[in-house]
Amino acid sequence: MHGATGRALLPRLAASALLAVTACVMTAVSAHAEDVRLELPRPTGQYPVGRDTLHLVDKERKDPWVPEAGPRQLMVSMYYPAQSATGVSSPYLTLEEATSLLRRKVPGATLSPETVAATRTHAHTGARPKKGRFPLVVLSPGLGLPRASLTFLGEDLASRGYVVALVDHAYESSGTTFPDGRTLTCAPVCDKPKPPEGGLAAITKSRTKDISFVVDELTDRRPAWKNALMINPKRIGMAGHSLGGDAAAATMAADERIRAGANLDGTFHPTVPADSLGDRAFLLLGSQADHIPGKDHTWDGSWPNMGGWKRWLTVARTDHTSFTDLSILQKEAGLSGPDALSPQRSLEITRAYVGAFFDLHLKGRKQPLLTAPSPANPEVAFHTP
């Protein structure tokens, strides 16, 4: 190789070498991504957990977002205390749901939809239910998130002796797969240039109807769930993340059967009206970055309007997704901040305080964890504005 010809070939060889190195790196990254095995934290309660899936159709109500679709349809995961951990491990997401979740909520992640769909859960489909009657807790996810985003909480509450109804609100989730194979996304709500008429408050109002319908279906004389006799209809609570937390307060205002509610890092749309909750209990649990007094005017304005037992707690080094399963995906995808609380810790704290809240108000068990700051949980701050 001599003269101009040799010099002209050098950049080509360098480029070829660079491409070869890049290919090796990408292959290694891809191999790593395929080797990843995601797992939710194990439940902390004494009972194994069973799971059933319900497809509910409200024939008295058209779908509010796509009226031409016909009656409002909901998918609900039912978690319950089981006699033993028998049966098939419950799947986390369908492949279509996982694909849509990654595209909408974790863009650019090296995780494959197959990896996310195969996230290990700790509930078992077909597990025999524990004998007895248990309080019911309804869970509602954030706007644009699937019901699976609160699996960590649903499984844990069931292991502590609750029946849990985890609701997917059609067209408000990144992806909801129905029994006929269709996967509906939140495109009709999320992808429009303007929010629905009435804004986010209209979505919250629709959710109150969803939840009351689900409670009806679970507690009527001819319930939609085969294990409905496990439910104590006089002890019902609700918790939700983001817009689901807003819906918890709104549903309590509209449905007196909900005895206690919890909002996980959600802004209210609008501020909780005075006396709308009566003397029923409510828990505010959010990030210190966004929900200390003075940060969210809807929390500031709602606090004095809550006339019953109440707590306002914030968790340091958390963000909006820290109270959901999505924190695990974001951590694995390298999207968490360097100082962020680990998903294991943020989910542990969420489970502990939400579980204690319902143990106090649905089971009548004293909970020192809710009376004052705990040295074991220095990240959690109590606020009394």
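Data block above holds the structure.
Now for a quick tour of the structure. (Residues numbered from 1 in each chain as written. Predicted model: local features only at pLDDT ≥ 70, side-chain atom pairs only at ≥ 80, totals over all residues. Heavy atoms only, no water.)

1. Topic: the layout of surface pockets
Then step 1. For the largest pocket, the calculated volume is near 240 Å³.
Then step 2. Considering the residues around the largest pocket, the lining is formed by 16 residues, among which Arg51, Tyr92, Thr94, Glu97 and Arg147 are closest to the centre.
Then step 3. Those elements giving two or more residues to the lining of the largest pocket turn out to be strand S1 (49–62) and strand S2 (71–81).
Then step 4. Ranked by residue count, the leading element in the lining of the largest pocket is S2, at 3 residues.
Then step 5. A breakdown of the residues in the lining of the largest pocket according to their chemical character gives 6 nonpolar, 6 polar and 4 charged.
Then step 6. Of the voids in this model, the second largest pocket is the one considered here, and its volume is about 170 Å³.
Then step 7. At the level of elements, helix H6 (199–219) and helix H7 (243–254) are the ones that each hand at least two residues to the lining of the second largest pocket. (1 Å grid on protein atoms, 1.4 Å probe; cavity = no way out; pocket = protein on both sides within 12 Å on 5 of 7 lines; lining within 4 Å. Points joined across faces, edges and corners; volume = space filled by probe spheres on them. Helix = DSSP H or I, 4+ residues; strand = E, 2+ residues; numbered from the N terminus. Nonpolar A, V, L, I, M, F, W, Y, C, P; charged D, E, K, R; others polar.)

2. Remarks on the packing of aromatic side chains
Then step 1. Counted according to the given criterion, the structure contains 8 aromatic pairs.
Then step 2. Aromatic side chains Tyr47 and Phe134 sit 6.3 Å apart centroid to centroid with 75° between the ring planes, which places their arrangement in the edge-to-face category. Of this pair, Tyr47 sits in the loop between helix H1 (3–35) and S1 while Phe134 sits in strand S5 (residues 134–140), and the two are 87 residues apart along the sequence.
Then step 3. Judged by its relative accessible area of 21%, Tyr47 is partly exposed.
Then step 4. Note on Trp299 and Trp312: the rings are 5.7 Å apart at their centroids and 70° apart in plane angle, and the pair reads as edge-to-face. One end of the pair, Trp299, is in helix H9 (residues 297–302); the other, Trp312, is in strand S12 (residues 310–315), with 13 residues separating them in the sequence.
Then step 5. Aromatic rings pair up to connect Tyr162, Trp309, Phe357 and Phe358 into one cluster.
Then step 6. Between the NZ or CZ atom of Arg182 and the centre of the ring of Phe178, over which it lies, the distance is 5.4 Å. (Phe/Tyr/Trp six-rings, centres within 6.5 Å; stacked < 30°, edge-to-face > 60°. Buried < 20%, exposed > 50% of the residue type's maximum accessible area, 1.4 Å probe, protein only. Lys NZ or Arg CZ within 6 Å of the ring centre and 35° of its normal.)

3. Comments concerning the pattern of salt bridges
Then step 1. For the structure on display, the rule yields 16 salt bridges.
Then step 2. A salt bridge links Glu348 to Arg345, with the shortest nitrogen-to-oxygen separation between them at 2.9 Å. Placement of the pair is Glu348 and Arg345 together in helix H11 (residues 343–363), with a separation of 3 residues, close to one helical turn. (Salt bridge = Lys/Arg side-chain N within 4 Å of Asp/Glu carboxyl O.)

4. Section: the packing of H6 against H7
Then step 1. Orientation of H6 relative to H7, taken along the N-to-C sense of each, is 65°, at an axis distance of 9 Å. The handedness of the crossing between H6 and H7 is right-handed. Contact with H6, carried on its side by Leu200, Ile203, Thr204, Arg207, Thr208, Ile211 and Ser212, involves Leu243, Gly244, Asp246, Ala247, Ala250 and Thr251 of H7 and no other residues of that element.
Then step 2. Class assignment for the residues of the contact of H6 with H7 results in 6 nonpolar, 5 polar and 2 charged. (Axes fitted to C-alpha atoms, helices over the stretch in contact; angles between N-to-C directions. Left-handed = near helix turned anticlockwise from the far one by under 90°. Contact = heavy atoms within 4.5 Å.)

5. Brief notes about the pairing of S1
Then step 1. As defined by bridge partners, S1 adjoins S2 across 11 bridges and the pair is classed as antiparallel. Its bridge partner lying in S2, Lys62 is registered against Pro71. (Pairing = 2+ DSSP bridges.)

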